[in-house]
Amino acid sequence: MPEMLTTEGRFARCKFRSWHRGTREADYMIGGFFDRYHAEWGEEELAWFEALLEEDDVDIMAWALKTQPTPLRFQGELIEKMQKLDYVDIPR
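All figures in this text were calculated on a predicted structure; none of them were measured in a lab.

About the thresholds
Residues numbered from 1 in each chain as written. Predicted model: local features only at pLDDT ≥ 70, side-chain atom pairs only at ≥ 80, totals over all residues. Heavy atoms only, no water. Helix = DSSP H or I, 4+ residues; strand = E, 2+ residues; numbered from the N terminus. Polar contact = N/O pair within 3.5 Å; in protein donor to acceptor, adjacent residues only side chain to side chain. Contact = heavy atoms within 4.5 Å. Axes fitted to C-alpha atoms, helices over the stretch in contact; angles between N-to-C directions. Parallel < 35°, antiparallel > 145°, perpendicular 65-115°, else oblique. Nonpolar A, V, L, I, M, F, W, Y, C, P; charged D, E, K, R; others polar. Salt bridge = Lys/Arg side-chain N within 4 Å of Asp/Glu carboxyl O. Buried < 20%, exposed > 50% of the residue type's maximum accessible area, 1.4 Å probe, protein only.

Draft legend 1. Examining the side chain of K81 more closely. Turning to its location among the elements, K81 is positioned in helix α5 (residues 77–84). At 2.8 Å, the side chain of K81 forms a polar contact with the side chain of E40. Among all residues touching K81, those that are not within four sequence positions of it are F33, Y37, E40 and Y87.

Draft legend 2. The packing of helix α4 (residues 57–64) against α5, seen in detail. In the contact formed by α4 and α5, the axes pass within 8 Å of each other and the chain directions differ by 80°. Of the possible angle classes, the one that applies to α4 and α5 is roughly perpendicular. Taken together, the residues of α5 that come into contact with α4 (itself represented by I60, W63 and A64) are I79, M82 and Q83. Of the residues that constitute the contact of α4 with α5, the class distribution is five nonpolar, one polar and no charged.

Draft legend 3. Geometry of the pattern of salt bridges. Tallied over the full model, the rule gives nine salt bridges. Residue E40 pairs with K81 through a salt bridge whose shortest N-O separation is 2.8 Å. Placement of E40 in the loop between α2 (24–37) and α3 (43–53) and of K81 in helix α5 is noted, with a sequence separation of 41 residues between them. Under the relative-accessibility criterion, K81 is labelled buried at 16%. Two residues, E55 and R73, come together in a salt bridge whose shortest N-O distance is 3.1 Å. Residue E55 is located in the loop between α3 and α4, and its partner R73 is located in the loop between α4 and α5; the two are separated by 18 residues in the primary sequence. Residue classification places R73 among the exposed positions, given a relative accessible area of 55%. It is possible to trace a salt-bridge network through shared partners that takes in R36, E40, E77 and K81.

Draft legend 4. Summary view of the packing of helix α1 (residues 7–19) against α2. At their nearest, the axes of α1 and α2 sit 7 Å apart, and the two run at 155° to each other. With respect to their mutual orientation, α1 and α2 come out roughly antiparallel. Between α1 and α2, the contacting residues are F11, C14, K15, S18 and W19 on the first element and A26, D27, Y28, I30, G31, G32, F34 and D35 on the second. Residue composition of the contact of α1 with α2, by class: seven nonpolar, three polar and three charged.

Draft legend 5. Layout of the environment of H20. Within the fold, H20 resides in the loop between α1 and α2. The spacing of H20 and I30 is 10 residues in sequence and 9.3 Å in space, taken between C-alpha atoms. In terms of polar contacts, H20 uses its side chain to reach the backbone carbonyl oxygen of F16, at 2.7 Å.

Here is the structure:
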């Protein structure tokens with residue numbers, strides 16, 4: 001039987017997974033989005049983000065950059081916030 005995580009544990013796992021995607025660009029985009037918005041999320045938003053993290057980075061980035069249409073299951077306020085990209089803080 002899989003271990004049931006608390007909400008705090010789920011957020012911690014999402015933080016790790018959002019910042020360890022495999023490419024620096026995806027880390028900044030997905031991790032930066034998590035850092036900027038997760039404090040205001042409830043169960044529905046957390047579940048949305050957990051599902052998003054299961055997708056390939058190239059797809060997530062294409063939806064955020066609007067180079068590919070966002071699948072219906074991910075459309076809404078959160079992807080619209082991601083598409084603004086105003087949360088990405090790129091170290092110089």
